[in-house]
Amino acid sequence: MKLSRKVMQPRMFFLFNDALLYTTPVQSGMYKLNNMLSLAGMKVKKPTQEAYQNELNIESVERSFILSASSATERDEWLEAISKSIEEYTKKRITFNPSKSLEEADPEKQEEDSPLGSKAPIWIPDTRATMCMICTSEFTLTWRRHHCRACGKIVCQACSSNKHGLDYMKNQPARVCDHCFRELQKQDNQCTPKSGSPVNHKSPSSALSTVLHSIPSGRKQKKIPAALKEVSANTEDSTMSGYLHRSKGSKKPWKHLWFVIKNKVLYTYAASEDVAALESQPLLGFTVSEVKDENSESRVFHLLHKNTLFYIFKADDPHSAQK
Ligand SMILES: [Zn+2]
Ligand SMILES: [Zn+2]
């Protein structure tokens, strides 16, 4: 399964000694070839957030994407198989090509050296960000999401008004976010002696467009307190994180939200890649109690403060409720 921008699409993958094939099932037993990715320079990783335990991140020069297996076990089997193939393929390349040093072939080493734009980034799925990952303006029907072609983040049009040539796209100018644009310009300056180095493609009308953007053109920018921006939803050193359903009382509607606990503070987000929280609540003096009844299947628990009910939570499965 491949997770694309909006919806999950079934894909069949075939792993060979030197390449990963991905295909679309068409008829019984027939597959249409979508792409063939060389294992050279490919990387597979588990996502950092444990809520996405069925997922696998595939990064290669030509294409990067998120795969979703039907279970965590299946995911781990794929992870192991692909990692092993990459390892064996890399070893073989060194044996066949002794002029290449070990360092060159070591993927860990390449990681630090590979400059921005040399590889296709993983596009963060639309549903995982409700706000621009740079300026935190909220996305609406008119204020649309855009993907930075260099880092894969979801940003608004005002934060991605520049285009820049990217190596993996054969230097064709592509939409990049303001952070990447600055980084790419730095890279340009560092390698100026190279003739025909990446073109600094800033449209001549950029001065005008900056003026236009400062006029609120559908951008909904709420004042967000600094405290809510301290921790982003995908922070790596949280105690735990994941999606839960939350309700303020037994008759109130359920909301599906992303939660992060860090330094004994509970942060609430609308989606897992949002850079600003909706709420933050120190957990000092709070207690948790499990709700026991036949329907709840031990997925429901209460968060209480001095015996007054604060929130009711419902996990998607009993396993994550226990945590
Ligand atoms: Zn923005
Ligand atoms: Zn970017």
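Our subject is the structure listed above.
For clarity, every value in this text was computed on a predicted model and none was experimentally measured.

S.K.: I'd like to hear about the sheet that holds strand β3 (residues 12-15), residue by residue, with values.
M.R.: Spatially, three strands are ordered β3-β4-β5 in an open sheet, and the strand pairing comes out antiparallel. If you trace the sheet from one side to the other, it starts and ends with β3 and β5 (31-38), each paired once. Neighbouring strand axes in the sheet, compared pairwise and without regard to direction, differ in orientation by 25 degrees on average. Pairing of strand β4 (residues 19-25) with β5 involves seven bridges; the strand directions are antiparallel. Following the sheet pairing, Y22 is matched in β5 by N35.

S.K.: Talk me through the coordination of the zinc ion (ligand 2); I want residue IDs and the actual numbers.
M.R.: Looking at the zinc ion (ligand 2), the protein donor atoms are C148 (SG), C151 (SG), C177 (SG) and C180 (SG), and they sit 2.2 to 2.3 Å from it. Its four donor atoms give the zinc ion (ligand 2) angles of 104 to 120 degrees at the centre, a pattern that matches the tetrahedral case. Sequence spacing of the donors to the zinc ion (ligand 2): C-x2-C-x25-C-x2-C. One end of the pair, C148, is in the loop between β9 (146-147) and β10 (154-155); the other, C177, is in the loop between β12 (173-176) and α4 (178-190), with 29 residues separating them in the sequence. Considered together, C148 and C177 belong to a single accessibility category, that of buried residues.

S.K.: Report on α4, specifying residues and quantitative values.
M.R.: For α4, which comprises 13 residues, the first-to-last C-alpha distance of 19 Å matches the rise-based estimate of 18 Å (1.5 Å per residue) to within 8%. Every buried residue of α4 is listed here: C180, F181, L184, Q187 and D188. Taken end-on, α4 shows its buried residues confined to a sector of 120 degrees, consistent with a single buried face. Exposed and oriented more than 90 degrees from the buried face of α4 are R182, N189 and Q190.

S.K.: Any chance you could break down the side chain of N57 for me, citing the residues and the numbers?
M.R.: Structurally, the position occupied by N57 is in strand β7 (residues 55-59). N57 gets classed as buried once you look at its relative accessible area, which sits at 15%. When neighbours within four sequence positions are excluded, N57 is seen to be in contact with K43, V44, K45, P47, F65, I66 and I122.

S.K.: Can you lay out the nonpolar core for me, pointing to particular residues and giving the numbers?
M.R.: Residues C132, C156, L166 and V176 are the most contacted members of the largest nonpolar core, which totals 26 residues. For this core, the secondary-structure elements that each account for two or more residues are β10, β12 and α4.

S.K.: Can you explain the sheet that holds strand β15 (residues 265-269)? Please cite residues and give values.
M.R.: Taken in spatial order, the seven strands of this open sheet run β16-β15-β14-β13-β19-β18-β17, and their pairing is antiparallel. Both outer strands of the open sheet, β16 (279-282) and β17 (286-290), are each paired with one neighbouring strand and no more. Geometrically, the sheet is characterised by an average inter-axis angle of 35 degrees between neighbouring strands, direction not taken into account. Pairing between strand β14 (residues 255-262) and β15: five bridges, direction antiparallel. Each residue of the ladder has a partner; that of I261, found in β15, is L266.

S.K.: With reference to specific residues and values, describe the environment of P173.
M.R.: Tracing the backbone shows P173 in strand β12. Using a relative accessible area of 36% as the deciding quantity, one classes P173 as partly exposed. Along the sequence, P173 and K163 sit ten residues apart, while their C-alpha atoms lie 5.4 Å from each other.

S.K.: Explain the coordination of the zinc ion (ligand 1) to me, and be specific about the residues and the numbers.
M.R.: Around the zinc ion (ligand 1), the protein supplies C132 (SG), C135 (SG), C156 (SG) and C159 (SG) as donor atoms, at distances of 2.3 Å. Relative to the metal, the four donor atoms surrounding the zinc ion (ligand 1) lie at angles of 105 to 117 degrees, and the coordination shape comes out tetrahedral. On the primary sequence, the residues serving as donors to the zinc ion (ligand 1) are separated as C-x2-C-x20-C-x2-C. For the residue pair C156 and C159, the accessibility class agrees, reading buried in each case.

S.K.: How would you summarise the pairing of strand β8 (residues 64-68) if you had to cite specific residues and measurements?
M.R.: Look at any regular strand and the pattern is simple: side chains alternate between the two faces of the sheet. Counted residue by residue, β8 has five buried out of five residues, so it is predominantly covered. Across the two faces of β8 the burial is the same, with S64, I66 and S68 and F65 and L67 all buried. Of the pairings in the sheet, the one linking β7 to β8 comprises five bridges and is antiparallel in character. Bridge pairing in β8 places N57 opposite I66. Adjacent in sequence and paired antiparallel, β7 and β8 are bridged by four residues.

Quick notes on the rules
Residues numbered from 1 in each chain as written. Chains lettered and ligands numbered in written order. Predicted model: local features only at pLDDT ≥ 70, side-chain atom pairs only at ≥ 80, totals over all residues. Heavy atoms only, no water. Pairing = 2+ DSSP bridges. Helix = DSSP H or I, 4+ residues; strand = E, 2+ residues; numbered from the N terminus. Axes fitted to C-alpha atoms, helices over the stretch in contact; angles between N-to-C directions. Donors = N, O, S within 2.8 Å, 3.2 Å for Na, K, Ca; no water. Tetrahedral: all angles 85-135°; square planar, octahedral: opposite > 155°, others 65-115°. Buried < 20%, exposed > 50% of the residue type's maximum accessible area, 1.4 Å probe, protein only. Expected span 1.5 Å × (residues − 1). Arc of directions from axis to C-beta. Contact = heavy atoms within 4.5 Å. Core = buried A, V, L, I, M, F, W, Y, C linked by side-chain atoms within 4.5 Å.

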